[in-house]
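Now for the letters of each chain:
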Amino acid sequence: MKNPKVLIPLLAALGLLVVSIFLPKPELHVSLAPESILYHGPSWFTNTYLTTIIVDVILIVGALVVRAGLRREVPKGFTNVIEAIIDFLRSNLVEGIAGKNTGRFFPFVATIFFLVIVSNYVGLIPGVNTIQSPWSAPADDHALAGAELVASEAGLANVAAAAEEGHVSTKPLLRAPSTDLNMTFALALLTMVMVQYFGFKDLGARYLRKFFAFKKGGLGAVMGVVGLLELLSEFAKIVSFAFRLFGNIFAGEVLLAVMAFLIPFMVPAVFYGFEIFVGFIQAAVFMMLALIFFQAATVSHDDHH
């Protein structure tokens, strides 16, 4: 390659890539559980809780903006984008599965999709998971001086210990809600409650035949056992829902953190693009599974035979 206009940027990028490996790096902080961001404050006010509030505000404001945009004769901009996404979800995904139940199911599954995808993507915004909470450490000079003394006398190992005591803040101010098992479990539980609601609303007491199908004869006993397994699977779906979303998004954030810690230049961008794809896929999978469970709940056990 003899073209200097191409060779020089490539050599510069390669040089920065090598140098970035040896640059001093901040402490790698990974916590499985969400962390309280207020020093001596309520333990339930965590970084994921704060980010969940922000996500809710984004969704509400976005809905109001779209509503106002639809009142115009010719919607444009942001309203057009959201309208196109909603039309795609309804026409290409939901109607093919739900059929006549599309009108009932779509508002709920579309809400799931937008909540999950915004919760996933907010963790990819620069500053989230990296900006530390200014309120998780005491602001008095005595505490700060104590932290400096620990650092100077005992080294980096005790700095980490001081951080655990609250003298040095290492807690991110914001963290993606999808990396909090409380949030994913609550969403999974609500979804399965709605499954039972649609089942009882459409079938009444007949819905229970799906789980309690004991009849006389050998085949009847087998069907009864299968029904009990289906009842158990209703609870298993809650766990599966919660851990699938939590595991994928949390693992992605840990991967990005580790890559940025090891090789800060260029390499994390590759994984960043991959996490954008994963965030969308997880939102779509959660929505489609919820839709399938809704539809299956409205079909009686006898209709399968």
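Located above this text is the structure these notes cover.
So, here's what we can say about the structure.

What counts, and at which threshold
- Residues numbered from 1 in each chain as written.
- Predicted model: local features only at pLDDT ≥ 70, side-chain atom pairs only at ≥ 80, totals over all residues.
- Heavy atoms only, no water.
- Core = buried A, V, L, I, M, F, W, Y, C linked by side-chain atoms within 4.5 Å.
- Buried < 20%, exposed > 50% of the residue type's maximum accessible area, 1.4 Å probe, protein only.
- Helix = DSSP H or I, 4+ residues; strand = E, 2+ residues; numbered from the N terminus.
- Phe/Tyr/Trp six-rings, centres within 6.5 Å; stacked < 30°, edge-to-face > 60°.
- Contact = heavy atoms within 4.5 Å.
- Patch = residues over 30% accessible without salt bridge, like charges linked within 9 Å, V, L, I, M, F, W, Y side chains within 5 Å.
- Areas by Shrake-Rupley, 256 points an atom, 1.4 Å probe, with all protein chains shown as cover.
- Salt bridge = Lys/Arg side-chain N within 4 Å of Asp/Glu carboxyl O.
- Axes fitted to C-alpha atoms, helices over the stretch in contact; angles between N-to-C directions.
- Parallel < 35°, antiparallel > 145°, perpendicular 65-115°, else oblique.
- Left-handed = near helix turned anticlockwise from the far one by under 90°.
- Nonpolar A, V, L, I, M, F, W, Y, C, P; charged D, E, K, R; others polar.

Core analysis: the largest hydrophobic core is formed by 42 residues, its most contacted members being Val109, Phe113, Val195, Phe241, Leu291 and Phe294. When contributions to this core are tallied by element, the ones reaching two or more residues are α3 (78–98), α4 (102–122), α7 (181–203), α8 (218–262) and α9 (267–297). In terms of residue count, the dominant contributor to this core is α4 (12 residues).

Attention shifts here to the packing of aromatic side chains. Under the criterion given, the structure shown has 15 aromatic pairs. Taken together, a centroid distance of 5.9 Å and an interplanar angle of 80 degrees make the contact between Trp44 and Phe45 edge-to-face. With a relative accessible area of 19%, Phe45 lands in the buried category. Between the aromatic rings of Phe241 and Phe286, the centroid separation amounts to 4.4 Å while the plane-to-plane angle is 20 degrees, which identifies the pairing as stacked. With Phe241 in helix α8 and Phe286 in helix α9, the pair connects residues that are 45 residues apart, well separated along the chain. Here Phe241 and Phe286 have matching classes, each one buried.

By the secondary structure assignment, Leu228 is in helix α8. Considering only alpha carbons, one finds Leu228 and Phe211, 17 residues apart in sequence, at a separation of 5.4 Å.

Tracing the sequence through the fold places Phe113 in helix α4. The class for Phe113 is buried, based on a relative accessible area of 4%. Separated by 174 residues in sequence, Phe113 and Met287 place their C-alpha atoms 5.6 Å apart. Setting aside chain neighbours within four positions, we find Phe113 in contact with Ile85, Leu89, Phe280, Ala283, Ala284 and Met287.

This part takes up a nonpolar patch on the surface. A cluster of nonpolar side chains, contributed by Trp44, Tyr49, Ile53, Val57, Val61, Val65 and Phe78, occupies part of the molecular surface with about 660 Å² of accessible area. Here the element with the most residues in the nonpolar patch is helix α2 (residues 47–70); it accounts for five residues. Mapping Phe78 onto the fold places it in helix α3.

Applying the stated rule across the entire model yields three salt bridges. With a shortest N-O distance of 2.8 Å, Arg104 and Asp202 are connected by a salt bridge. Here Arg104 is found in helix α4, whereas its partner Asp202 is found in helix α7, with 98 residues between them in sequence. For Arg104, a relative accessible area of 30% translates into the label partly exposed. The residue Lys237 makes a salt bridge to Glu234 at a minimum N-O spacing of 3.0 Å.

Before going further, it helps to spend a moment on the packing of α7 against α9. With their axes 8 Å apart at the nearest point, α7 and α9 run at an angle of 25 degrees to one another. In this view, α7 runs roughly parallel relative to α9, as classed from their interaxial angle. The interaxial crossing formed by α7 with α9 has right-handed handedness. Contacts between α7 and α9 involve Leu187, Ala188, Thr191, Met192, Met194, Val195, Phe198, Gly199 and Leu203 from the first element and Phe286, Ala290, Phe293, Phe294 and Ala297 from the second. A class-by-class count of the residues in the contact of α7 with α9 yields 12 nonpolar, two polar and no charged.

Treat this as a map of the structure, not an account of what it does.
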